[in-house]
Amino acid sequence: MPWTELIGQTGAVEQLQAALNRNRLHHAYLFHGPTGVGKRTAARILTQAWHCRVKSAEGGCGQCRTCRLIGEELFPGLTMIGGGGSVRLEEVREMVARVLTAPLELGGRVFVVRGADRMTAEAANRLLKVLEEPPPETVFILTATALEDVLPTIRSRCLQVAFARLTDRQVDALVGEHGWAVSEERAVTVALAGGSPGMAAAAADNGMQQIRADVGAWLKAWVGREAESPPLEMERDALELRLRMLAAYMRDIMVWKKTGQSEGIINQDQIPFIREQAAAWADPVACLMTIERANRWLAHNVHIGLLLEVLWIEMSEHRGGKYADSSRGPL
Ligand SMILES: [Zn+2]
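Note that the structure is a prediction, hence the values are computed from the model and not measured. (Residues numbered from 1 in each chain as written. Predicted model: local features only at pLDDT ≥ 70, side-chain atom pairs only at ≥ 80, totals over all residues.)

Trainee: Could you clarify how one ought to interpret the overall build of the chain in this entry?
Mentor: Counting secondary structure elements, the chain contains 14 helices and five strands. Overall, the C-alpha framework of the chain stretches about 70 × 40 × 25 Å when taken along its three principal axes. Taken over 331 residues, the chain has a buried fraction of 38%. For the chain, the share of sequence-separated contacts (at least 6 apart) that also reach a separation of at least 24 residues comes to 74%. (Helix = DSSP H or I, 4+ residues; strand = E, 2+ residues; numbered from the N terminus. Buried ≥ 20, exposed ≤ 12 C-beta atoms within 10 Å, placed from the backbone. Contact = placed C-beta atoms within 7 Å.)

Pasting the structure below:
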């Protein structure tokens, strides 16, 4: 697909497109920016633009066999590792073996390491060896959300490419185009995405209804003082979606407490619930700060069990219970 398909990343597109068109690709890039804004897509687009049989200055055609294989990440010249929790030494070892043995006649190979900010030291050191002496016709793309967590020795060998959050309007257009939300949940999906189309897609995959139900149950349990212990286990992505949803509810509670009106509320179909919750939370701003910190911890790969435990304790401390202030009035 052409470079123009990468929505909202003009800077990154210009940088990569110009390098490729001048045949001056760097041997290693570090794509950094928020989750789900197009870093992995950009790696695919770059590979297509490099390998497509009918490519133009605008990029790959997106239709030929090569482009389709790359689009499905089945192309032998494109290798991707990481993307879950930590990048493991074993994965890097296997990739390095491919770097050193894969035939060069593939004519340009792209190796992607997702989550370079969540690499064990051993894995990073193994990767460093090939970054220091890269074979010809080989491009490494490392992706990271927390740039400061990428080892300085790795960072210094890569050219950095910044990826930005999209605007709500851009995300809304993508939600509509891909059918990621039913109309009543479109606004809340865009709010939860927070500029990340990948998050909107993940919310659709995980089931927005389920996410809202889970977070609604947490709030009720905190207020009812029934939830003294957090869920034992949760996938990282599932937790991230729920933290975002929790923040959206808390913003609604804050708006209701401040104005007593439904205008500006994201969860428009849940006004009675918001009103009921607003009576119980004395300090939504403190709650939002707790949620924000939990989000940061998640980005820095803190143990999920610990994160949930702290979230539970702090949210329980913030709840106002039956002695909370009235649901109206200034904060
Ligand atoms: Zn093509």
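After that view of the structure, there is still more to cover.
Trainee: I keep staring at the packing of helix α7 (residues 168-178) against helix α8 (residues 183-193) and nothing clicks. Help me out?
Mentor: Packed helices, taken two at a time, are described by their axes: the angle between them and the distance between them. Contact geometry of α7 with α8 gives a least axis separation of 10 Å together with a crossing angle of 125 degrees. On the basis of their axis angle, the class for α7 and α8 is oblique. α7 and α8 meet at a crossing whose hand is right-handed. For the pair α7 and α8, the contacting residues are D168, V171, D172 and V175 in the first and R186, T189, V190 and A193 in the second. (Axes fitted to C-alpha atoms, helices over the stretch in contact; angles between N-to-C directions. Parallel < 35°, antiparallel > 145°, perpendicular 65-115°, else oblique. Left-handed = near helix turned anticlockwise from the far one by under 90°.)

Trainee: Please clarify how the domain arrangement of the chain should be interpreted in this entry.
Mentor: When the parts come together, some accessible area is lost, and that loss is often what is quoted as the size of the interface. Segmentation of the chain into domains returns domain 1 (3-162) and domain 2 (207-323). Computed from C-alpha coordinates alone, the two centres of domain 1 and domain 2 are separated by 36 Å. Each side of the interface is counted separately: domain 1 has six residues, and domain 2 has four residues. Across the side of domain 1 that touches domain 2, the residue classes break down as one nonpolar, three polar and two charged. (Domains from an automatic or database assignment. Nonpolar A, V, L, I, M, F, W, Y, C, P; charged D, E, K, R; others polar.)

Trainee: How should I be thinking about the packing of α8 against helix α11 (residues 236-259) in this particular structure?
Mentor: Viewed as axis vectors pointing N to C, α8 and α11 meet at an angle of 115 degrees, and their least axial separation amounts to 9 Å. With respect to α11, the axis of α8 lies roughly perpendicular. You can see that α8 and α11 cross each other, and the crossing is right-handed. Judged by residue contacts, V188, A191 and L192 of α8 engage R244, M245 and A248 from α11. Here the contact of α8 with α11 is built from residues that sort into five nonpolar, no polar and one charged.

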